[in-house]
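Architecture at a glance
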Amino acid sequence: MQSPTAEQRLQVTSDHLTNAPIGNQSKDAWVHSHLIPSTHPIKGRQLLAAQPISRGELLLIDPPYAVIPVVDNPLDSDSLLCSNSKCSRKIVPSTKSVSCPSSCVPDVAWCNHVCRTMDEQRHGFECIWLQKYATSIRSKRGEYDFGMLWLIVRILASRHIETQQPSTATVQNLSTTPAFQSGWHGIQSLCGSPDTWAHSQVRSWSTMVKKYLQNTPSLPHGMNMDEILALVCQEEANSFGFYPRETGIIPFPDSPVHRGIQFAAAVCPRAALANHSCRPNIIHKPDRIGRMVFVASRDIKVGEECCISYFDLTQYVDLRTRREYLQRSFRFLCKCDRCLEEEIPEEDSNWDAFPLLDDE
């Protein structure tokens, strides 16, 4: 009998992992004992294989610290997530979902009243802010900026709950080193700062921070503007898009399949340790309860870096378009094995994780 492919194993793994009922145990994080964090002198943080890892092995499960839905028509979408972070399942349109009593935004909904009750404290932190700013930001700044700001607010909401209930903030089941930081400490350890982004971009974010994210009674986070701006820079460098199909399948099957339309954005501190390669050895995808899942797409040797793809490899195929996308979105020139193999001989640039670019 032919062995299942890595992508088939991922689907089986995701289905198996999400059979558990809602609760702390079903949302636990998990990291393969052979997967370790390390530091590269140029690229910074990375994931390495401490022992051989076989193709198809589950490597990591990481519940997001914060997640937002990304859908065009929340009331009719079959991809809207339950706002309860302990659930995060897609809400079936035909079911009787529960909306916010204050009607803050249609993007906020719960599977049922149980999920709404469980999420009351976290949503209470964001609700007034959403009522006050959501419509204005969407009309003036667009959906991307609204989503970015909302994700920051949800990060702050998780931080607020963590500081109020520290004993419940570290519930997890990691079969690995404590070096995989979780909670707010994991967010603080993310790479990215104002120095790593273009000056014009940082100025734009700074304007939004001052207008929409100040410490006020409607958003009581207790942080100063520099700290919030740094958090924005970290979020933009590390957040994941959630897609219905796997990211990072290579080599392509006979008929490459697009990973689908994004339905959520999330920050997953452990998963964010993975660097990019245009020839990744990990495929990733969220499972049915919103956890990021990593699976080895091929055998990985001892000491080899474990990488994901930051984009859909069927969308950006040739060297030029891949590098242009990464320069524009993540501000580095990719020097992975695949890119080096495809370079023309005279092309020579310095490898830098976040090289400075002239934007004036």
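Residues numbered from 1 in each chain as written. Predicted model: local features only at pLDDT ≥ 70, side-chain atom pairs only at ≥ 80, totals over all residues. Heavy atoms only, no water.

Regarding the packing of helix α3 (residues 120-141) against helix α4 (residues 143-164)
It is at 10 Å that the axes of α3 and α4 come closest, and there the two elements cross at 165°. On the basis of their axis angle, the class for α3 and α4 is roughly antiparallel. Note on packing geometry: the crossing formed by α3 with α4 is right-handed. Residues Gln121, Arg122, Phe125, Glu126, Trp129, Leu130, Ala134, Ile137, Arg138 and Arg141 of α3 form the contact with α4, whose participating residues are Glu143, Asp145, Phe146, Leu149, Trp150, Val153, Arg154, Leu156, Ala157, His160, Ile161 and Gln164. Of the residues assigned to the contact of α3 with α4, the class counts are 12 nonpolar, 3 polar and 7 charged. (Axes fitted to C-alpha atoms, helices over the stretch in contact; angles between N-to-C directions. Helix = DSSP H or I, 4+ residues; strand = E, 2+ residues; numbered from the N terminus. Parallel < 35°, antiparallel > 145°, perpendicular 65-115°, else oblique. Left-handed = near helix turned anticlockwise from the far one by under 90°. Contact = heavy atoms within 4.5 Å. Nonpolar A, V, L, I, M, F, W, Y, C, P; charged D, E, K, R; others polar.)

Considerations on the pattern of salt bridges
For the structure on display, the rule yields 16 salt bridges. The partner of Arg279 in a salt bridge is Glu341, and the shortest N-O contact between them spans 2.8 Å. Linking Arg279 in the loop between β9 (264-267) and β10 (282-286) with Glu341 in helix α9 (residues 337-342), this pair joins segments that are 62 residues apart in sequence. Residues participating in the shared-partner salt-bridge network are Asp119, Arg122, Glu126 and Arg154. (Salt bridge = Lys/Arg side-chain N within 4 Å of Asp/Glu carboxyl O.)

Here we look at the environment of Cys233
Relative to the elements of secondary structure, Cys233 occurs in helix α7 (residues 225-238). Overall, the relative accessible area of 0% leaves Cys233 in the buried class. The sequence separation of Cys233 and Leu190 amounts to 43 residues, and the corresponding C-alpha distance is 9.6 Å. Contacts of Cys233, omitting those with residues within four sequence positions, involve Gly192, Ser193, Pro194, Trp197 and Trp205. (Buried < 20%, exposed > 50% of the residue type's maximum accessible area, 1.4 Å probe, protein only.)

Some details on the packing of α4 against helix α6 (residues 199-212)
Where α4 meets α6, the closest approach of the two axes is 12 Å, and the angle between their N-to-C directions is 60°. Taken as axis vectors, α4 and α6 run oblique relative to one another. For the pair α4 and α6, the crossing hand works out as right-handed. Contact with α4, carried on its side by Asp145, Met148 and Leu149, involves Trp205, Met208 and Tyr212 of α6 and no other residues of that element.

Focus on the confidence of the model for the protein
Chain-level pLDDT for the protein is 87 on average; 85% of the residues reach the 70-or-more range. Low pLDDT, under 50, characterises residues 1-26; the predicted model gives this stretch 46 contacts beyond four residues in sequence or across chains. Every residue in residues 168-177 is under pLDDT 50, and counting partners more than four places away or in other chains gives 23 contacts. (pLDDT = per-residue confidence, 0-100.)

Remarks on the pairing of strand β4 (residues 58-62)
Within β4, 5 of the 5 residues are buried, which leaves the element mostly enclosed by the surrounding structure. Note that strand β1 (residues 30-31) and β4 share 2 bridges and pair antiparallel. Of the residues in β4, the one forming a bridge with Val31 is Leu60. (Pairing = 2+ DSSP bridges.)

Some points on the sheet that holds β9
Strand order in the open sheet formed by 3 strands is β5-β9-β8, with antiparallel pairing between adjacent strands. Where the open sheet ends on each side, the last strands, each with one partner, are β5 (66-69) and β8 (240-242). On average, adjacent strands in this sheet sit at an angle of 25° to one another, irrespective of strand direction. For β5 and β9, the ladder comprises 4 bridges, and the chain directions are antiparallel.

Quick notes on the environment of Ile36
Structurally, Ile36 can be placed in strand β2 (residues 35-40). Taking the C-alpha atoms as reference, Ile36 lies 9.5 Å from Gln51; in sequence the two are 15 residues apart. Residues in contact with Ile36, not counting those within four places in the same chain, are Gln46, Leu47, Leu48, Ala50 and Phe180.

Regarding the nonpolar core
Judged by nonpolar contacts, the single largest core of 54 residues is most densely connected at Trp129, Leu130, Ile155 and Leu213. Not counting residues up to four positions away in its chain, the partners in contact with Leu213 are Trp129, Leu149, Ile152, Val153, Met208, Leu219, His221, Met225 and Ile228. Ranked by size, the runner-up nonpolar core spans 26 residues in total, among them Leu47, Ala271, Ile282 and Ile300. (Core = buried A, V, L, I, M, F, W, Y, C linked by side-chain atoms within 4.5 Å.)

As for the packing of aromatic side chains
All chains considered together, the criterion is met by 11 aromatic pairs. A centroid spacing of 6.3 Å and a plane angle of 70° characterise the contact between Tyr325 and Phe330, whose relative ring orientation is edge-to-face. For the pair formed by Tyr325 and Phe330, the shared burial category is buried. A connected cluster of aromatic rings, assembled from ring pairs, spans Tyr310, Phe311, Tyr316, Tyr325, Phe330 and Phe332. Over the face of the ring belonging to Phe263 we find Lys90, whose NZ or CZ atom lies 4.1 Å from the ring centre. Across the ring face of Trp184, the terminal group of Arg159 is positioned such that the distance to the ring centre comes to 5.2 Å. (Phe/Tyr/Trp six-rings, centres within 6.5 Å; stacked < 30°, edge-to-face > 60°. Lys NZ or Arg CZ within 6 Å of the ring centre and 35° of its normal.)

As for α7
Relative to the 20 Å expected for 14 residues at 1.5 Å per residue, α7 spans 20 Å between its end C-alpha atoms, a close match to the ideal helical length. Of all 14 residues that make up α7, 10 are buried, and the element is covered over most of its length. Within the sequence span of α7, burial applies to Ile228, Leu229, Leu231, Val232, Cys233, Gln234, Glu235, Glu236, Ala237 and Asn238. Contact partners of the buried residues in α7: α4, α5 (183-188), α6, β8, β9 and α8 (319-330). The N-capping residue of α7, defined by a side-chain oxygen 3.1 Å from the backbone nitrogen of Asp226, is Asn224. (Expected span 1.5 Å × (residues − 1). Polar contact = N/O pair within 3.5 Å; in protein donor to acceptor, adjacent residues only side chain to side chain.)

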